[in-house]
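# Close look at the chain arrangement
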Amino acid sequence: MKKVLVLEGSPRERGNTALVTDWVLEGLGKRGVSVERVRVPKLDINGCQACSTCVSTKGGAGCAQDDDMTELYDRIIDCELLLFTSPIFCWGVTGQLKLVTDRLFALMTGENMLKGKPIALVLTGGGSIFAGADLAARMYRDIAHFIGMEYLGEHIVAPCPGRQAMNRRPSYREEAKRFGKELRQRLKT
Ligand SMILES: Cc1cc2nc3c(=O)[nH]c(=O)nc-3n(C[C@H](O)[C@H](O)[C@H](O)COP(=O)(O)O)c2cc1C
């Protein structure tokens with residue numbers, strides 16, 4: 001059973017990003033896969049304090065902070081695919097998801113616990129792909145490369161017309177499902 005951890009950055013539980021994520025997971029399917037969806041904005045997660053405690057810790061995060069990231073670190077270490085999902089807010093991912101992304105630093109210092117871990121991305125934006133989705137995708141691609149994670153790609157819906165319009169046009173669902181199927185193939189379930 002391959003463990004997929006979905007870190008959902010949107011504060012809107014039933015928003016555009018959640019809908020596209022539903023479809024991607026539909027494409028990924030259920031056979032041989034266990035999916036856990038974590039709504040990051042519901043968690044109590046602080047920003048990295050740059051204290052460097054993690055730098056001298058091997059075999060775990062070694063983060064000096066005690067917040068909801070402590071438990072999330074264990075799940076991130078444990079999963080076989082990390083799927084980040086977010087709407088674009090001001091040319092980037094949501095602040096809530098960026099805090100988690102910064103805190104990944106603790107898993108790559110000391111002993112790199114993210115090396116080789118597959119990562120993928122789902123984004124929705126109100127503007128064109130050049131109103132931030134391109135930058136957010138580049139950010140995760142470059143971070144993955146820097147850490148030595150395996151970047152499996154991104155699915156971007158931008159400009160995203162909203163839930164109702166997406167539900168009226170089957171192509172949105174089909175494209176998201178296709179991405180989910182691709183992820184499944186890359187996971188070799
Ligand atoms: C605070 C805020 C900032 C936004 N900034 C951008 C932006 O910079 N670029 C963009 O393409 N869309 C932007 N949008 C639009 C959202 O990315 C878009 O509506 C998205 O699909 C919402 O997803 P959700 O329903 O999951 O929240 C912004 C929306 C909000 C609320």
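All values derive from a computational prediction rather than experimental measurement.

As a structural note, the neighbourhood of the ligand is formed by 19 residues, with G15, P87, G125, G126 and G127 the closest of them. When residues of the shell around the ligand are assigned to their parent elements, the largest contribution, 3 residues, is made by helix α1 (residues 16–28). Taken together, the residues that form the shell around the ligand break down as 9 nonpolar, 9 polar and 1 charged.

Turning our eyes to something else, we now look at the sheet that holds strand β2 (residues 33–39). Spatially, β2-β1-β3-β4-β5 is the arrangement adopted by the 5 strands of the open sheet, whose pairing is parallel. With one partner strand each, in any of the chains shown, β2 and β5 (150–157) form the two edges of the open sheet. The mean inter-strand angle of the sheet, taken between neighbouring strand axes irrespective of direction, is 15 degrees. The pairing of strand β1 (residues 2–8) with β2 spans 7 bridges and is parallel. The partner of V4 across the bridge, within β2, is V35. The strands touched by helix α5 (residues 133–147) are β3 (81–87), β4 (118–124) and β5; relative to β4, the strand with the most contacts, the crossing angle is about 170 degrees.

So, on to unusual backbone geometry. For the bond from A158 to P159, the omega torsion is 0 degrees, close enough to zero to count as cis. Inspection of the secondary structure assignment puts P159 in the loop between β5 and α6 (163–168). One non-glycine residue, A50, lies in the positive phi region at around 55 degrees. Within the secondary structure, A50 is located in the loop between β2 and α2 (69–78). Taking the C-beta count within 10 Å as the criterion, A50 has 8 such neighbours and is therefore assigned exposed. Of note in this structure, S52 is not a glycine but carries a positive phi near 70 degrees. Relative to the helices and strands, S52 resides in the loop between β2 and α2. Looking at S52, the number of C-beta atoms within 10 Å reads 13, which means it is partly exposed.

About the cut-offs
- Residues numbered from 1 in each chain as written.
- Predicted model: local features only at pLDDT ≥ 70, side-chain atom pairs only at ≥ 80, totals over all residues.
- Near = placed C-beta within 6 Å.
- Helix = DSSP H or I, 4+ residues; strand = E, 2+ residues; numbered from the N terminus.
- Nonpolar A, V, L, I, M, F, W, Y, C, P; charged D, E, K, R; others polar.
- Pairing = 2+ DSSP bridges.
- Axes fitted to C-alpha atoms, helices over the stretch in contact; angles between N-to-C directions.
- Contact = placed C-beta atoms within 7 Å.
- Buried ≥ 20, exposed ≤ 12 C-beta atoms within 10 Å, placed from the backbone.

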